[in-house]
Amino acid sequence: CAQVFRETSDEFFGRRDVRALCDGHAIDLAFIDGMHQFEFALRDFINVERHCAPGATILMHDCYPLDRRSAQREQRTEFWSGDIWRALLALKKYRPDLRIATIACTPTGLCVVRGLDPASRVLAERYDEIVGEFGALDYGVLAQDQAGMLNLVANDADTLRRLLQRPAQPQAAAAPPAGAQL
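### Comments concerning the packing of helix 3 (residues 38–49) against helix 6 (residues 127–135)
Step number 1: Relative orientation of the contacting elements helix 3 and helix 6 amounts to 145°, with a least axis distance of 10 Å. Two packed elements cross with a definite hand, and for helix 3 against helix 6 that hand is right-handed. Seen from helix 3, the contacting residues are F38, E39, L42, R43 and I46; seen from helix 6, they are Y127, I130, V131, F134 and G135.
Step number 2: Here the residues of the contact of helix 3 with helix 6 sort into seven nonpolar, one polar and two charged.

Here is the structure:
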């Protein structure tokens, strides 16, 4: 069942019971794309992760900018990816527990985030600090190693399969044989 809500994501998460909308289920896959400014993407990440199931995946669009002009905070070119790249750097610093990879797909990459922890409050509690710190970064910080800093990976079937593979479920302990002493 697909539903469309004509409101900002902040309004959506502030007004809606996400689990109720998902028939009591947690989010298994989410796609974040929108305002092209990192603080919005970061808030969306915080809100989505709170409702994720174990093994869930969050995808974020526009994480690998083409150049300085298209990666500005304000749109000044016809093609614009904004500064979502800052959100990846923030996630890497403040949530080293996450598994982050940016697929090298055109035009501006697609980030895959795994290892989510719905109980984590690090980003929410430090949100203003993070926005101040990463909002002040100049695009030039990417100059030395953009691919490494944004965790760029190949856009091929084997890489995608590995990134999206479900974590192995723990095996239930086998019951001891009848008459066995514990």
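### Quick look at the environment of L142
Step number 1: Position of L142 relative to the elements: it lies in the loop between helix 6 and helix 7 (146–149).
Step number 2: The sequence separation of L142 and W85 amounts to 57 residues, and the corresponding C-alpha distance is 9.4 Å.
Step number 3: Beyond its immediate chain neighbours, meaning those up to four positions away, L142 contacts P65, W85, L89, M149 and L150.

### Here we look at the nonpolar core
Step number 1: Ranked by size, the top nonpolar core spans 39 residues in total, and within it F45, I58, M60, L91, V113, L116 and L123 carry the most contacts.
Step number 2: Every element with two or more residues in this core is listed here: helix 1 (9–15), strand 1 (27–32), helix 3, strand 2 (52–61), helix 4 (85–94), strand 4 (110–114) and helix 6.
Step number 3: The biggest single contributor to this core is helix 4, with seven residues.
Step number 4: With sequence-adjacent residues up to four places away left out, M60 is seen in contact with I32, A41, F45, I84, A87, L88, L91, G109, L110 and C111.
Step number 5: One finds L59, I103, L110 and V153 within the second-largest nonpolar core, a separate group that totals seven residues.

### Topic: the sheet that holds strand 2
In sheet architecture, strand pairing relies on hydrogen bonds along the backbone and comes in two forms, parallel and antiparallel.
Step number 1: If you walk across this open sheet you meet the five strands as 1-2-4-3-5, and the pairing is mixed. The sheet is open, and its two edges are formed by strand 1 and strand 5 (152–153), each paired on a single side.
Step number 2: Across two bridges, strand 3 (residues 99–103) lies against strand 5 in parallel orientation. Looking at strand 5, one finds that T102 is bridged to L152.
Step number 3: Packing of helix 3 onto the sheet brings it into contact with strand 1, strand 2 and strand 4, and relative to strand 2 it is tilted by some 165°.

### Here's the deal with the pattern of salt bridges
Step number 1: This structure, assessed with the given rule, holds 10 salt bridges.
Step number 2: Across the pair D138 and R68 runs a salt bridge whose closest N-O atoms are separated by 3.0 Å. Of this pair, D138 sits in the loop between helix 6 and helix 7 while R68 sits in the loop between strand 2 and helix 4, placing them 70 residues apart in sequence.
Step number 3: According to the relative accessible area criterion, R68 is partly exposed, its value standing at 40%.
Step number 4: Where R161 meets D158, a salt bridge forms, and the shortest distance between an N and an O atom there is 3.0 Å. Within this pair, R161 and its partner D158 are both found in helix 8 (residues 157–164), separated by three residues, close to a single helical turn. Just as R161 is exposed, D158 falls in that class too.
Step number 5: Overlapping salt bridges, with partners in common, bring together E7, R15 and R16 in one network.

Criteria and cut-off values
Residues numbered from 1 in each chain as written. Predicted model: local features only at pLDDT ≥ 70, side-chain atom pairs only at ≥ 80, totals over all residues. Heavy atoms only, no water. Axes fitted to C-alpha atoms, helices over the stretch in contact; angles between N-to-C directions. Helix = DSSP H or I, 4+ residues; strand = E, 2+ residues; numbered from the N terminus. Left-handed = near helix turned anticlockwise from the far one by under 90°. Contact = heavy atoms within 4.5 Å. Nonpolar A, V, L, I, M, F, W, Y, C, P; charged D, E, K, R; others polar. Core = buried A, V, L, I, M, F, W, Y, C linked by side-chain atoms within 4.5 Å. Buried < 20%, exposed > 50% of the residue type's maximum accessible area, 1.4 Å probe, protein only. Pairing = 2+ DSSP bridges. Salt bridge = Lys/Arg side-chain N within 4 Å of Asp/Glu carboxyl O.

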